[in-house]
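# Summary of structural features
Each chain is listed here by its residues.
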Amino acid sequence: MAKKEFTNNQEQLALYAKAIGHPVRIAILQMLTTQAQCTHSEMAESLPVAKSTLSQHLNELKEAGLIQKANTSPGIKYSIDPEKWKAAQIYFNGLFRELPKTPKVKVGSVRKAGKKDVKAIKNLYRNTILTVNKNDYSPEQLKYWCDKGKDVNVWEEQIGDQHFILAERQGKVTGFAAITPEGYLHSLFVHKDLQQQGIASMLLESIEKYARRNKIKQVITEVSITARPFFEKKGYATLAEQSVYMGIDMTSYRMTKEIPGKEE
């Protein structure tokens, strides 16, 4: 299969791009766009280069057609070539045209969790910890953390006693969060393969709406090293760094956020 040749537009654009590919030549063009004409001496006084070097840069721009020179008294004066300048604008505008909009990924929906969801919750919990948190905790710490999620009865108890919600997309559990009636945000996890897609924000927004409806004035939570930046962006303040024993010492942060007013 024969290779496709470059178009005339691509060749011309490359010529202009090469011509302006130096800070000195950029400075020359900027100077000439603010003045109708300028002599070599005038430019040499303003630019931090030797006169001989300046001459070389002027020649580069002239060969590309971006500037022109005229023999006028008391000497040679340089100016922008209007026709070539307009052509260059068209070429560069074509290159730097507006990008096509990226289709928005549907975040999904939120629903209450039930006992039938425990298996999916357990798997998401374990896989997320082992993948997302591995840069902030040791393998031994991750193992003990995962072991905390093995007991089915504990999950069923949390689902019964807390406001426990799931994020779903096309029938698949993509995250979960739970808050106690007193305002303790017990957990917020997002599937390891679906990080930074708005799921955590959707879950936290739903949790905070629940807090407003139930007149919870302050949400308190304990978050991992990994999760701390997310909560800070969402307006949570760090109360303290702490070491929590989970079979092994684990660093976490106690954080809080005021929940003003009642949701309308």
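A few points on the structure. (Residues numbered from 1 in each chain as written. Predicted model: local features only at pLDDT ≥ 70, side-chain atom pairs only at ≥ 80, totals over all residues. Heavy atoms only, no water.)

### Comments concerning the side chain of Thr 180
Definition in use: Where helices and strands are cited, they refer to DSSP runs of H or I of at least four residues and of E of at least two residues respectively, numbered from the N terminus. The cut-offs for exposure are 20% and 50% of the maximum accessible area for each residue type, with area from a 1.4 Å probe on protein chains only; residues under the lower value are buried, those over the upper are exposed, and the others partly exposed.
One can find Thr 180 in the loop between strand E6 (172-179) and strand E7 (184-190). According to the relative accessible area criterion, Thr 180 is buried, its value standing at 12%.

### Structural notes on the packing of aromatic side chains
Using the following cut-off: Classification of ring pairs rests on two measures: the distance between centres of Phe, Tyr or Trp rings, Trp counted by its six-membered ring, which must be within 6.5 Å, and the angle between planes, read as stacked under 30 degrees, edge-to-face over 60 and tilted in between. Only lysine NZ and arginine CZ atoms are considered, and such an atom sits over a ring when it is within 6 Å of the ring centre and within 35 degrees of the ring normal.
Per the counting criterion, the structure on display carries eleven aromatic pairs. Here the aromatic rings of Phe 164 and Phe 176 are separated by 5.6 Å at their centres, their planes lie at 20 degrees, and the arrangement is stacked. Residue Phe 164 is found in strand E5 (residues 163-169), and its partner Phe 176 is found in strand E6; the two are separated by twelve residues along the sequence. Exposure remark for Phe 164: the relative accessible area of 0% places this residue in the buried category. You can call Phe 176 buried: its relative accessible area is 0%. Chaining the aromatic ring pairs together yields one cluster made of Tyr 125, Trp 155, Phe 164, Phe 176 and Phe 189. Positioned above the aromatic ring of Tyr 144, the side-chain terminus of Lys 143 is 5.5 Å from the ring centre. Residue placement shows Arg 228 over the ring face of Tyr 253; its charged tip is 4.2 Å from the ring centre.

### Observations concerning the packing of helix H1 (residues 8-19) against helix H5 (residues 82-95)
The packing of two helices is summarised by the inter-axis angle and the distance between the axes. The line we're drawing: Between N-to-C directions, angles cover 0 to 180 degrees, with each direction set by a line fitted to C-alpha atoms, over the stretch in contact for helices. Throughout, the term roughly parallel applies to angles under 35 degrees, roughly antiparallel to angles over 145, roughly perpendicular to angles from 65 to 115, and oblique to all others. Note on definitions: a residue-residue contact is assigned when non-hydrogen atoms from the two residues lie within 4.5 Å. Residues are sorted three ways: Asp, Glu, Lys and Arg are charged, Ala, Val, Leu, Ile, Met, Phe, Trp, Tyr, Cys and Pro are nonpolar, and all the rest, Gly among them, are polar.
In the contact formed by H1 and H5, the axes pass within 10 Å of each other and the chain directions differ by 110 degrees. When the axes of H1 and H5 are compared, the pair comes out roughly perpendicular. Taken together, the residues of H5 that come into contact with H1 (itself represented by Asn 9, Gln 12, Leu 13, Tyr 16 and Ala 17) are Lys 84, Ala 87, Ala 88, Tyr 91, Phe 92 and Leu 95. Split into classes, the residues belonging to the contact of H1 with H5 amount to eight nonpolar, two polar and one charged.

### Topic: the pairing of strand E8 (residues 218-224)
Definition in use: Pairing between two strands is assigned when DSSP locates at least 2 bridges connecting them. Orienting the strands away from the viewer, one traces the path from the first strand over the helix to the second; a clockwise path indicates a right-handed crossover.
Of all seven residues in E8, five are buried; the element is thus mostly enclosed. Bridge count between E7 and E8: two bridges; the pairing is parallel. Pairing of Tyr 184 across the sheet is with Ile 220, part of E8. Where the polypeptide runs from E7 across helix H9 (residues 199-213) and back to E8, its parallel neighbour, the crossover connection is right-handed. In this sheet, strand E10 (residues 249-258) lies alongside E8 in antiparallel orientation, the contact comprising seven bridges. Along E10, the bridge assignment pairs Val 223 with Tyr 253.

### Quick look at the nonpolar core
Put simply, the test is: By convention a nonpolar core is built from buried Ala, Val, Leu, Ile, Met, Phe, Trp, Tyr and Cys residues, the set being connected through side-chain atoms within 4.5 Å.
In terms of nonpolar packing, the biggest core is built from 24 residues, with Leu 185, Leu 188, Val 219 and Phe 231 touching the most fellow members. Looking at this core, the elements that each hand over two or more residues are E5, E6, E7, H9, E8 and E10. In terms of residue count, the dominant contributor to this core is H9 (eight residues). Those residues in contact with Leu 185 that sit more than four places away from it in its chain are Ala 178, Ile 179, Leu 204, Ile 207, Val 219, Ile 220, Thr 221, Glu 222 and Phe 231. Counting residues in each nonpolar core, the second largest holds 22 residues, with Ala 19, Ile 28, Met 43 and Leu 58 among its members.

### Regarding the sheet that holds E7
Pairing between sheet strands relies on hydrogen bonds along the backbone, with the strands arranged either parallel or antiparallel. Taken together, the seven strands give an open sheet; going across it, the order is E4-E5-E6-E7-E8-E10-E9, and neighbouring strands pair in mixed fashion. The open sheet has two free edges, formed respectively by strand E4 (109-112) and strand E9 (237-245), since each of these has just one partner strand. Between one strand axis and the next, the sheet turns by 30 degrees as a mean value, whatever way the strands run. Against the sheet, helix H6 (residues 118-132) engages E5, E6 and E7, with an angle of about 90 degrees to E6.

### A look at the sheet that holds strand E2 (residues 67-72)
Across the sheet, which stays open at both edges, the three strands sit in the order E1-E3-E2 with antiparallel pairing between neighbours. Each end of this open sheet is capped by a strand with a single partner; those strands are strand E1 (38-39) and E2. Note that E2 and strand E3 (residues 75-80) share six bridges and pair antiparallel. Looking at E3, one finds that Lys 69 is bridged to Tyr 78.

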